[in-house]
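The primary structure of each chain is shown beneath.
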Amino acid sequence: MKWATWENIGVDRMGSIWLIRRWIDPKAEFLFIPADTKSLPKDAEPFDIPGTRYSHHGNHCTFHTLLKEYKVQDPILSQIASIIDEADLVQEVNVEPIAPGLDAVCRGIRRISADDYEALERGVLVYEALYAELLAGEG
Amino acid sequence: MSSWLLLSYKLPTHPSALRVYVWRKLKRLGAILLNETIWVLPDTSRTAEHFQWLATEIQERRGTVNLWRSSLVLGLREEELIDQFKKHVDGEFKGLLKKLHEKNPDLAKLSQEYQQVIGKDYFRSEIGQQVRAKLLELRGETK
């Protein structure tokens, strides 16, 4: 399936891409469209675009929505959702010390990458590493 | 000339908890309310994302919202607006600095509060730098 999101990906979209590829749709292809695009591509599922199904809902990030909609059940993924909730949204209560660091690293990755495709691959590596670390129980 | 983000919104009268919720988020972001109508933030990729998602949340809750990217033409001077942002965090930084000078300050708690305030310190407050230096100094002393 094709998936479309706004260009210049950050913490939530890198995480969502990793989640889609690894847990939801291993053959996923990703399209990056400018943020001011009024009409969405017809042959692709939009995500992390305001007003679409797979996006922020309430006080939760897109990663959280994808987990819920696809009924992916994994405690480590739930924790990552909670980390991204704090990294990507303004929260009154913070319980995930990893969140601000993860946000900064993902922003930095986009800055040093030539385009979103390169950023995507690097972002995926970061999430793979985060997952492994949390799984080891030392996160 | 700097770019600013402006947000104005209207929420349904009920539930009143929603109004408090949105207001708290805006305060948390360090946005400034101008003329009791428009919330302002400096334009960065981070603030733009936060405002955008807050706007989406307001729409989701049946409110109406507008978000602009703009530059000042008339009225406030840019420095005055920046001063308002500084004054806002300076108040909180001063409170922290005062507590840090008391006897046996709770460093763990105060450093957490410091982290919350620097999240909205968009123009690098001098007093914020002092709080940071004091925290580091006290950390060294207790070792």
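Colleague: Hey, could you run me through the sheet that holds strand β2 (residues 29–33) of chain A in this one?
Modeller: Backbone hydrogen bonds are what pair the strands of a sheet, in a parallel or an antiparallel way. All names here are of chain A. Judged by pairing direction, the sheet is parallel, and its 3 strands sit side by side in the order β2-β1-β3 without closing on themselves. Of all strands in the sheet, those bounded by a partner on one side alone are β2 and β3 (45–46). Two elements, strand β1 (residues 2–6) and β3, share 2 bridges in a ladder whose sense is parallel. Bridge pairing in β3 places Trp 3 opposite Glu 45.

Colleague: I'm lost on the confidence of the model for chain B in this one. Help?
Modeller: A low pLDDT score tells you not to read the predicted coordinates there in detail. All names here are of chain B. Looking at chain B as a whole, the pLDDT averages 92, with 98% of positions reaching at least 70. Mean pLDDT values for the elements of chain B range from 90 in helix α5 (residues 126–142) up to 97 in strand β3 (residues 38–42). Model confidence for the complex is summarised by a pTM of 0.89, with the ipTM given as 0.84.

Colleague: How do you make sense of the pairing of strand β4 (residues 64–70) of chain B when you look at a structure like this?
Modeller: Within a regular beta strand, the side chains point alternately toward one face of the sheet and then the other, so they alternate between its two faces. Residues and elements named next belong to chain B. Sparse coverage of β4 is indicated by the burial of 0 of its 7 residues. Both strand β1 (residues 4–10) and β4 contribute to a ladder of 7 bridges, which runs antiparallel. Bridging from a neighbouring strand, Tyr 9 pairs with Val 65 of β4.

Colleague: Even after reading the chapter, I still don't get the interface of chain B and chain A, so can you show me in this structure?
Modeller: Listed per partner, the contact involves 10 residues of chain B and 8 residues of chain A. Mapped by element, the contributors of at least two residues to the side of chain B that touches chain A are α1 (16–29) and α2 (45–60) of chain B. For the side of chain B that touches chain A, the element with the most residues is α2 of chain B, which contributes 6 residues. Residue classes in the side of chain B that touches chain A are distributed as 2 nonpolar, 3 polar and 5 charged.

Colleague: What is the right way to look at the sheet that holds β1 of chain B in this model?
Modeller: Residue and element names in this part refer to chain B. Across the sheet, 4 strands lie side by side as β2-β3-β1-β4; this open sheet has antiparallel pairing. Because the sheet does not close on itself, it has two edges, and the strands there are β2 (32–34) and β4. Averaged over all neighbouring strand pairs, the angle between strand axes comes to 30°, with direction disregarded.

Colleague: Is there a simple way to explain helix α4 (residues 107–118) of chain B in this structure?
Modeller: The α-helix winds at 3.6 residues per turn, so residues separated by three or four positions along the chain end up facing the same way. Residues and elements named next belong to chain B. Over its 12 residues, α4 runs 16 Å from end to end, which matches the ideal 16 Å to within 8%, given 1.5 Å per residue. For α4, the complete set of buried residues consists of Leu 110, Tyr 114 and Val 117. Take α4 and look down its axis: the buried residues cluster within an arc of 65°, on one side only. Of the exposed residues in α4, those oriented more than 90 degrees away from the buried face are Ala 108, Lys 109, Gln 112, Gln 115 and Gln 116.

Colleague: Any chance you could explain the environment of Asp 116 of chain A here in plain terms?
Modeller: Residues and elements named next belong to chain A. You can see Asp 116 is positioned in helix α5 (residues 116–135). The class of Asp 116 is buried, set by 22 C-beta atoms lying within 10 Å. Once the C-alpha coordinates of Asp 116 and Glu 7 are considered, the two residues, 109 residues apart in sequence, prove to be 6.6 Å apart. Setting aside its immediate chain neighbours within four residues, Asp 116 contacts Glu 7, Asn 8, Ile 9 and Phe 32.

Reading the values: rules and limits
- Per chain, the residues get numbers from 1 upward, laid out in the order the sequence is written.
- For this description, chains carry letters from A and ligands carry numbers from 1, given in the order in which they are written.
- Selection of residues for local features in this predicted model requires a pLDDT of at least 70, selection of side-chain atom pairs for listing and counting requires 80 or more, and totals for whole chains, interfaces and linings are taken over all residues.
- For two strands to count as paired, DSSP must find a minimum of two bridges between them.
- In this description a helix means any DSSP run of H or I spanning at least four residues, a strand means any run of E spanning at least two, and both kinds are numbered starting from the N terminus.
- pLDDT: the predictor's confidence for each residue, scored from 0 to 100.
- Exposure classes come from backbone-placed C-beta atoms, where a residue is buried if 20 or more other C-beta atoms lie within 10 Å of its own, exposed if 12 or fewer do, and partly exposed in between.
- Whether two residues are in contact depends on their C-beta atoms, placed from the backbone: they are in contact if these lie within 7 Å.
- Only Asp, Glu, Lys and Arg are considered charged in this grouping, and only Ala, Val, Leu, Ile, Met, Phe, Trp, Tyr, Cys and Pro are considered nonpolar; every other residue, Gly among them, is considered polar.
- Between N-to-C directions, angles span 0 to 180 degrees; the directions come from axes that are lines fitted to C-alpha atoms, helices contributing only their stretch in contact.
- For a helix, the expected span equals 1.5 Å multiplied by the residue count minus one.
- Directions pointing from the helix axis toward each C-beta atom define the arc.

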